[in-house]
Amino acid sequence: MNIGKMGIHYLQRLNAANVPKDLIEKGQNRVIEASLTLIRERAKLKGELLRALGGVVASTSLLGVPLGHNSSFLQGPAFAPPRIREAIWDGSTNSTTEEGQDLTDPRVLTDVGDVPVQELRDCGVDDDRLMGIISESVKLVMEEPPLRPLVLGGDHSISFPVVRAVSEKLGGPVDILHLDAHPDIYHEFEGNKYSHASSFARIMEGGYARRLLQVGIRSITKEGRDQGKRFGVEQYEMRTFSKDRHLLENLKLGEGVKGVYISVDLDCLDPAFAPGVSHIEPGGLSFRDVLNILHNLEGDVVAADVVEFNPQRDTVDGMTAMVAAKLVRELTAKISK
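Figured I'd write up the structure that's included with this text. (Residues numbered from 1 in each chain as written. Predicted model: local features only at pLDDT ≥ 70, side-chain atom pairs only at ≥ 80, totals over all residues. Heavy atoms only, no water.)

A separate point is the pairing of strand β5 (residues 209-217). For β5, the buried fraction is high: seven of the nine residues fall into the buried class. Sheet topology places strand β4 (residues 174-179) next to β5; five bridges connect them, and they run parallel. If you follow Val174 over to β5, its bridge partner there is Ala209. Handedness of the crossover joining β4 and β5 through helix α7 (residues 199-205) is recorded here as right-handed. In this structure, β5 lies alongside strand β6 (residues 234-237), joined through four bridges in parallel fashion. (Buried < 20%, exposed > 50% of the residue type's maximum accessible area, 1.4 Å probe, protein only. Helix = DSSP H or I, 4+ residues; strand = E, 2+ residues; numbered from the N terminus. Pairing = 2+ DSSP bridges. Right-handed = clockwise from strand over helix to strand, strands pointing away.)

Next up, the structure:
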């Protein structure tokens, strides 16, 4: 909680010291430009490399968004991206996906680093501007073909600016496959329109998705169901998963729109498979259930995110970090061509 409040407190101290507002804004603008320049130059370098190598239609590029302050419970997801990266390259496993791609091949996977969320908040950048910076960072990756972003969260609030950027950059809505214990579709939660519990309300309001399929749901309120009906969301709850399994393991998405976006909240999994999350919800998907859904999905996956890993609640030996890394590996296989 203290980390999440640092930026606000710093801005309050600047205001209390009567620092001119135009000076504060100029400082913020310099930090924002430096942040975007770092992402831009890294993406440009990776894009140039892949274009020089040739023969790549689409390549996954990792982008970290270590944001946790929009979580309604714990803010540990802010520490997730470096832990996921560490697990991806853990020496206990090899670098090949189940479908045969070698992650050490830059044509398959590259990395453009993290959006410096805490540094931006330390300068007093508010959430409206921060969401815009996240969107702009995603667009910078997409401006360097054949790169396609796979975003490492962070809490689930990041999905809104990422999906917005993908839709705006591609020029139209996408179909979204959303794996989660919760629908995250409150109009707002605890007065926060950017809450991780409200990200898909913002996405649907903005017209950034044609279809939204939510799978693994087992913690849903009346508002969650009402909002789902309002936006025409296809909600598949765990209580009917055995009946829905065949459909969900044979999805065809993206036809007639700009592609498919996949958002994986780690709490879609039963906590037996992924205990390192902020919201423990028993009765979830098995890891192989998730992989079957992802492997069998037919559609052009243009971007994805993996969110809500909380390293502060992970078990000994980083079990959930390895689960997150395995999901990143298999999502990479869906994106890279």
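There's more to say after this.
What follows deals with the packing of helix α10 (residues 287-296) against helix α11 (residues 319-335). The N-to-C vectors of α10 and α11 enclose an angle of 15 degrees; their axes lie 10 Å apart at closest approach. Between α10 and α11, the angle falls in the class roughly parallel. Taken as a pair, α10 and α11 cross one another with a handedness that is right-handed. Each of Phe287, Val290, Leu291, Leu294 and His295 in α10 lies in contact with α11, whose residues at this interface are Val323, Lys326, Leu327, Glu330, Leu331 and Lys334. Tallied by class, residues from the contact of α10 with α11 come to seven nonpolar, one polar and three charged. (Axes fitted to C-alpha atoms, helices over the stretch in contact; angles between N-to-C directions. Parallel < 35°, antiparallel > 145°, perpendicular 65-115°, else oblique. Left-handed = near helix turned anticlockwise from the far one by under 90°. Contact = heavy atoms within 4.5 Å. Nonpolar A, V, L, I, M, F, W, Y, C, P; charged D, E, K, R; others polar.)

As a further point, take α10. Among the ten residues in α10, seven count as buried, and that is most of the element. Along α10, the residues that are buried comprise Phe287, Asp289, Val290, Leu291, Ile293, Leu294 and His295. Residues of α10 that are buried make contact with β4, β5, α9 (241-248), β7 (260-265) and α11.

Another aspect to go through is the sheet that holds β6. Each strand in a sheet pairs with another by means of backbone hydrogen bonds, the pair being arranged parallel or else antiparallel. Taken together, eight strands build an open sheet; the order of strands is β2-β1-β3-β8-β7-β4-β5-β6 and the sheet is parallel. Since the sheet does not close on itself, it has two edges, and those belong to β2 (109-114) and β6, each with one partner. Across this sheet, the average inter-strand angle for adjacent strands is 15 degrees, counted without regard to direction. Note: strand β1 (residues 59-65) against strand β3 (residues 147-153), seven bridges, orientation parallel. Bridge pairing in β3 places Leu63 opposite Val151. This element, α10, spans β4, β5 and β7 of the sheet and lies at about 165 degrees to β4.

What follows is about the pattern of salt bridges. Tallied over the full model, the rule gives 22 salt bridges. The salt bridge involving Glu98 is made with Arg288; its shortest N-O contact spans 3.0 Å. Pair noted here: Glu98 is in the loop between α3 (80-88) and β2 and Arg288 is in helix α10, with a separation of 190 residues, a long-range link. In this structure, Arg225 engages Glu237 in a salt bridge whose closest nitrogen and oxygen atoms are separated by 3.0 Å. (Salt bridge = Lys/Arg side-chain N within 4 Å of Asp/Glu carboxyl O.)

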